[in-house]
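Residues per chain are reported as follows:
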Amino acid sequence: MGERARLASELADADLIRYFYLEKSPAEVADLLDSMRFDLVESQDDVPFNAQVKSYLAAKDEAGDPWIVKPVASDEEMMYHRSCMLAYLLDHETGTLAAPTTAVLIGGKRYRVTKVVRHAMQISSYNYMEAPFIEILRADLVNRWIYFDEDRNPNNYLVITNKANKPFVVAIDYDKADMLSEAMKITGMEEKFGWLRTEKTRFLTLLRPENFEGVSIADFDARLKAFAEIGPNDFLGLAKRAFKSWCPDPDATATTVTRNFLRRREYVDRYFRLMFKSAQATESTSHESDYLAFGQSFLDMHNKKK
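All of these numbers come straight from a predicted model, not from anything done at the bench. (Residues numbered from 1 in each chain as written. Predicted model: local features only at pLDDT ≥ 70, side-chain atom pairs only at ≥ 80, totals over all residues. Heavy atoms only, no water.)

Draft legend 1. How the structure looks around the overall build of the protein chain. What the protein chain contains, in helices and strands, is ten helices and ten strands. Since a compact globule built from 306 residues should have a radius of gyration of about 19 Å, the 21 Å found for the protein chain is in line with a globular shape. Across its three principal axes, the protein chain shows a C-alpha extent of roughly 85 × 45 × 40 Å. Classification of the 306 residues of the protein chain by burial places 47% in the buried group. Each charge class in the protein chain can be summarised by its mean position, and for the 41 positive and 47 negative side chains these summaries are 2 Å apart. (Helix = DSSP H or I, 4+ residues; strand = E, 2+ residues; numbered from the N terminus. Rg over C-alpha atoms; globule rule 2.2 N^0.38 Å. Buried < 20%, exposed > 50% of the residue type's maximum accessible area, 1.4 Å probe, protein only. Lys, Arg positive; Asp, Glu negative; His and termini not counted. Charge placed at Lys NZ, Arg CZ, Asp CG, Glu CD.)

Structural data, given as structure tokens:
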């Protein structure tokens, strides 16, 4: 079972599965978004407050579902937001619940559009340092690292519940993802797990490197494998869809972005598998650390008595 199918199974809610297009492949979602007709609406009732202050407007699709939209100034900016759609489609395929997002023409004018996540709370309303949220955020680091998305703050994650009142985290806002950069903007530290970033004023994750201590590769294995299973030609096809009509040479741009994705995916997979071991090996290392700490504590007490 693929990670998208697994997520749909966990949701176990037909309305949510339909709303987030989990029954569709990334290519099917891309085609759906490009063929979808949007109508701007005057009412701002469906526009979250955080989006209103950023000048987003309201729109509806043919099914009557609400979207927030914002004008795009140029074809260059349009191409950028189309590249952000690729990050969303990767989330969609790798089992990360995410708000559908793209950039389209509405009434002949350019807009970026994001589907409204209804009945949601910001993740800051919960203790996301505890289960199940911390496990989700740990795995989510894989995605953000691959996208070079250095602006992940509590406003970028919402929490919804299914019919059984089980919470699910929804990733939103790809505005700072960078699928176009050929340089490695995020790299791993050598001596211990951690990351070095080009942009120091933003956050790659809500977690700190120490929040990853004591976990095994099992916490990331499914996500890493989900990325590894995305075929180069499949991704290239998505990239060609994304850039068609929005840049002078969409095929060349798609080829470059595909090369970027494959390079980042390989780097992140290799780094995580180097830094995190099996559950058994992690538990053994943890016990050894406990014994060393106990021994040091005993020596400290003994020295104090002298």
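So, next bit.
Draft legend 2. The arrangement of the pairing of strand E8 (residues 167–171) in detail. For E8, a buried count of four out of five residues is recorded, marking the element as mostly surrounded by other parts of the structure. The pairing of strand E7 (residues 157–161) with E8 spans five bridges and is classified as antiparallel. Bridge pairing in E8 places Val-159 opposite Val-169. (Pairing = 2+ DSSP bridges.)

Draft legend 3. Local environment of helix H6 (residues 133–147). Here H6 is 15 residues long and its end C-alpha atoms lie 21 Å apart, about the 21 Å a rise of 1.5 Å per residue gives. The largest bend along H6 reaches roughly 30° and is located at Asp-140. Counting buried residues along H6, 13 of its 15 residues qualify, which places the element largely inside the surrounding structure. Downstream of H6 by a residue or two, Phe-148 has a phi angle that is positive, lying close to 55°. (Expected span 1.5 Å × (residues − 1). Bend = angle between axes of the 7 residues up to and from the residue.)

Draft legend 4. Up close: the packing of helix H5 (residues 75–93) against H6. At their nearest, the axes of H5 and H6 sit 11 Å apart, and the two run at 155° to each other. One element, H5, and the other, H6, form an angle in the roughly antiparallel class. In this structure, H5 meets H6 at a crossing whose hand is right-handed. Of H6, the residues touching H5 (which contributes Ala-87, Leu-90 and Asp-91) are Asn-143, Arg-144 and Tyr-147. Looking at the contact of H5 with H6 residue by residue, the class counts come to three nonpolar, one polar and two charged. (Axes fitted to C-alpha atoms, helices over the stretch in contact; angles between N-to-C directions. Parallel < 35°, antiparallel > 145°, perpendicular 65-115°, else oblique. Left-handed = near helix turned anticlockwise from the far one by under 90°. Contact = heavy atoms within 4.5 Å. Nonpolar A, V, L, I, M, F, W, Y, C, P; charged D, E, K, R; others polar.)

Draft legend 5. Spotlight on the sheet that holds strand E1 (residues 39–41). Spatially, E1-E2-E3-E5-E4 is the arrangement adopted by the five strands of the open sheet, whose pairing is antiparallel. Whereas interior strands pair on both sides, the edge strands pair on one side only; in this sheet they are E1 and strand E4 (101–106). Pairs of neighbouring strands in the sheet enclose a mean axial angle of 45°, with direction left out of account. Packing of H5 onto the sheet brings it into contact with E4 and strand E5 (109–115), and relative to E4 it is tilted by some 140°.

Draft legend 6. Representation of the packing of aromatic side chains within the structure. Within this structure, the stated rule accounts for 22 aromatic pairs. Centroid distance Phe-272 to Phe-276: 5.8 Å. Interplanar angle 35°. Geometry classified as tilted. You can call Phe-272 buried: its relative accessible area is 0%. Judged by its relative accessible area of 5%, Phe-276 falls in the buried class. Three or more aromatic residues link up through ring pairs in this structure, and these residues are Trp-145, Phe-193, Trp-195, Phe-212, Phe-220, Tyr-267, Tyr-271, Phe-272 and Phe-276. The residue whose ring lies beneath Lys-70 is Tyr-56, and the NZ or CZ to ring-centre distance is 5.3 Å. Over the ring of Tyr-157 we find Arg-152, and its NZ or CZ is 4.9 Å from the ring centre. (Phe/Tyr/Trp six-rings, centres within 6.5 Å; stacked < 30°, edge-to-face > 60°. Lys NZ or Arg CZ within 6 Å of the ring centre and 35° of its normal.)

Draft legend 7. Representation of the pattern of salt bridges within the structure. Scanning the model with the defined rule gives 23 salt bridges in all. A salt bridge links Asp-140 to Arg-144; its shortest N-O distance comes to 2.8 Å. Taken as a pair, Asp-140 and Arg-144 lie in helix H6 at a separation of four residues, close to a single helical turn. Judged by relative accessible area, Asp-140 falls into the buried class, the value being 4%. Counted as one network, the salt bridges with shared partners bring together Asp-221, Lys-225, Asp-269 and Arg-273. (Salt bridge = Lys/Arg side-chain N within 4 Å of Asp/Glu carboxyl O.)

Draft legend 8. Highlighting the pairing of E7. For E7, the buried fraction is high: four of the five residues fall into the buried class. Following E7, the chain reverses through five residues before pairing antiparallel with E8; Asn-165 in that reversal takes a positive phi of roughly 65°.

Draft legend 9. Main features of the sheet that holds strand E6 (residues 121–122). If you trace the three strands from one edge of the open sheet to the other, you get E6-E7-E8, paired in antiparallel fashion. The open sheet has two edge strands, E6 and E8, and neither has a second partner.

Draft legend 10. Local environment of the side chain of Asn-211. Tracing the backbone shows Asn-211 in the loop between strand E10 (195–197) and helix H7 (218–228). Asn-211 sits in the buried class, given a relative accessible area of 16%. Leave out the neighbours within four places in its chain, and Asn-211 touches Met-129, Ile-134 and Arg-138.

Draft legend 11. Broad picture of the nonpolar core. Counting residues in each nonpolar core, the largest one holds 71 residues, and the members touching the most others are Leu-86, Trp-145, Phe-193, Phe-220, Phe-235, Phe-243 and Phe-272. Per-element tally for this core: the top contributor is H5, with nine residues. Grouped together as the second largest cluster of nonpolar side chains are 22 residues, Tyr-19, Leu-22, Ala-51 and Val-170 included. (Core = buried A, V, L, I, M, F, W, Y, C linked by side-chain atoms within 4.5 Å.)

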